[in-house]
Amino acid sequence: MMKPGIIEGADGRCRCFWHQGLADYERYHDEEWGRPVTDDTRLFEKICLEGFQSGLSWLTILRKRENFRAAFAGFDFERVATFGEADIERCVADAGIIRHRGKIVSTINNARRAVELRDEFGSLASFFWSYEPKPGERPAVMDLETLRANPTTPTSIRLSKDLKKRGWTFVGPTTVYAFMQAMGLVNDHLDGCYRQPEADAERAAFARP
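Everything numeric in this text was worked out from a predicted model, so none of it was measured.

A.B. asks: Can you walk me through helix α12 (residues 195-205) in this structure?
C.D. replies: For an α-helix, 3.6 residues make a turn, and residues three or four places apart therefore share a direction. What α12 keeps buried is the set R195, Q196, A199 and R203. Buried residues of α12, seen end-on, are gathered within an arc of 100° and therefore sit on one face of the element. Turned more than 90 degrees away from the buried face of α12, the exposed residues are P197, A204 and A205.

As structure tokens, this is what we get:
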């Protein structure tokens, strides 16, 4: 019997339900979500895109991701930090992304804060991975009920507060927890998903920054 929150794909593999059987979303689930990431550009991209997702679905953002990359210089935060008013207006006029002025301005602000964070900690990865939850802070079993009951965690609340104190915006605890899930700081693939043990093994072999 299939566990709650698990669906079987056309390839016979059992996965977390949220990819909805859509080919691009399934690839994201299989190839990206939950794999440990230390690349600063990818970390910056993801936390910005999670901010853009606020009030929307991740699938909407995923399908516009290449457009976002084009608009924001590949999320090179050194370059985005230099964006000015003309860049804001260019992005607001770009139908290929989410044309939310506040979120666009936030991305530029956060790029400047990312430069500061990199200069202080040596890398964004060093800072973000310092917030990896300890094993005792994690649920014994990640099932659908646990996942739905925990859109935030004590760790994501602490990280959100720290980022806000440093001047970051659109980094509430729910947004931050989604970032942590996607970047592999936690393994929230559901019990019964074929990727869960793989993600555990990847995290066990992973060299923390």
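Now that the structure has been shown, the text picks up again.
A.B. asks: Looking at this structure, how should I read the packing of helix α2 (residues 40-53) against helix α11 (residues 173-182)?
C.D. replies: When two helices pack together, you describe them by how their axes are tilted relative to each other and by the distance separating the axes. As a packed pair, α2 and α11 sit with axes 9 Å apart at the nearest point and diverge in direction by 140°. Regarding the angle of α2 to α11, the classification is oblique. For the crossing formed where α2 meets α11, the hand is right-handed. From α2, L43, K46, I47, E50 and G51 reach across to α11, where they touch T175, A178, F179 and A182. Considered class by class, the residues forming the contact of α2 with α11 number five nonpolar, two polar and two charged.

A.B. asks: How do you make sense of the side chain of R15 when you look at a structure like this?
C.D. replies: Secondary-structure assignment places R15 in strand β2 (residues 14-16). With a relative accessible area of 1%, R15 lands in the buried category. A distance of 2.8 Å separates the side chain of R15 from the side chain of D30, its partner in a polar contact.

The rules behind each value
- Residues numbered from 1 in each chain as written.
- Predicted model: local features only at pLDDT ≥ 70, side-chain atom pairs only at ≥ 80, totals over all residues.
- Heavy atoms only, no water.
- Buried < 20%, exposed > 50% of the residue type's maximum accessible area, 1.4 Å probe, protein only.
- Helix = DSSP H or I, 4+ residues; strand = E, 2+ residues; numbered from the N terminus.
- Arc of directions from axis to C-beta.
- Axes fitted to C-alpha atoms, helices over the stretch in contact; angles between N-to-C directions.
- Parallel < 35°, antiparallel > 145°, perpendicular 65-115°, else oblique.
- Left-handed = near helix turned anticlockwise from the far one by under 90°.
- Contact = heavy atoms within 4.5 Å.
- Nonpolar A, V, L, I, M, F, W, Y, C, P; charged D, E, K, R; others polar.
- Polar contact = N/O pair within 3.5 Å; in protein donor to acceptor, adjacent residues only side chain to side chain.

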